[in-house]
Amino acid sequence: MNKETTNVEAELDLISIIARDPNVIFKHELILTEDLFTDAFTIAAYKFINSQYRQGDFIIVPSLFSKNEEDQEALKNALDRSAPEGAYSSLVETLSDLLVLRRLVRLSSNLVY
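Conventions and cut-offs
Residues numbered from 1 in each chain as written. Predicted model: local features only at pLDDT ≥ 70, side-chain atom pairs only at ≥ 80, totals over all residues. Heavy atoms only, no water. Patch = residues over 30% accessible without salt bridge, like charges linked within 9 Å, V, L, I, M, F, W, Y side chains within 5 Å. Areas by Shrake-Rupley, 256 points an atom, 1.4 Å probe, with all protein chains shown as cover. Salt bridge = Lys/Arg side-chain N within 4 Å of Asp/Glu carboxyl O. Lys, Arg positive; Asp, Glu negative; His and termini not counted. Charge placed at Lys NZ, Arg CZ, Asp CG, Glu CD. Helix = DSSP H or I, 4+ residues; strand = E, 2+ residues; numbered from the N terminus. Buried < 20%, exposed > 50% of the residue type's maximum accessible area, 1.4 Å probe, protein only.

A.B. asks: Explanation requested: a negative patch on the surface in the structure shown.
C.D. replies: A cluster of like negative charges, contributed by E69, E70, D71, E73 and D80, occupies part of the molecular surface. With respect to the helices and strands, the residue D80 is situated in helix α5 (residues 69-80).

Put into C-alpha cells, the structure is as follows:
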C-alpha cells in the first residue's frame, strides 16, 4: 500500500480512543471494522480489543495481546496516545475515505483499457 491510501497515525489514534471507550465499538459496529486499518499492528490491536470487549473484558492487558515484549510495548504506546474522543468522527471519516480510495485504486488496476 502506498502512503496516499494509508494513515497509520490516524489508525493509532482510533485504537487509543476505542481502548478507552468500549461503547464506541458497540455503537458503531457497522462503520468501525478492521477494513479501516492497513497496518498489521493496528489490525491485530483492533481485533484483540474487539475480541476482549465482546468477551466482557473491558480492561486491556498488553500481555494477553502478545507474548512478544515489543508487541506489548507497542500496544501500551498506542493505548497511551492522547487522541481526544471528540476526534473519533473525523478519524473514522478519514479512514473510511482512505478505504474507499484503496478500493478504487484496486478496481482501477484491474480495468482493461
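A.B. asks: Before we go on, may I ask you to explain the pattern of salt bridges in this structure?
C.D. replies: Opposite charge on two side chains permits them to pair, given that their charged atoms come into close proximity. Enumeration over the complete set of coordinates arrives at five salt bridges. The partner of R81 in a salt bridge is D13, with the nearest N and O atoms 2.8 Å apart. Of this pair, R81 sits in the loop between α5 and α6 (88-109) while D13 sits in helix α1 (residues 8-20), and the two are 68 residues apart along the sequence. Note that R54 is salt-bridged to E29, the shortest N-O span being 2.9 Å. Here the residue R54 occupies a position in helix α3 (residues 40-54), and E29 occupies one in the loop between α2 (23-27) and α3, the gap between them amounting to 25 residues. Since its relative accessible area comes to 45%, R54 is described here as partly exposed.

By themselves, these observations are geometric and do not establish any function.
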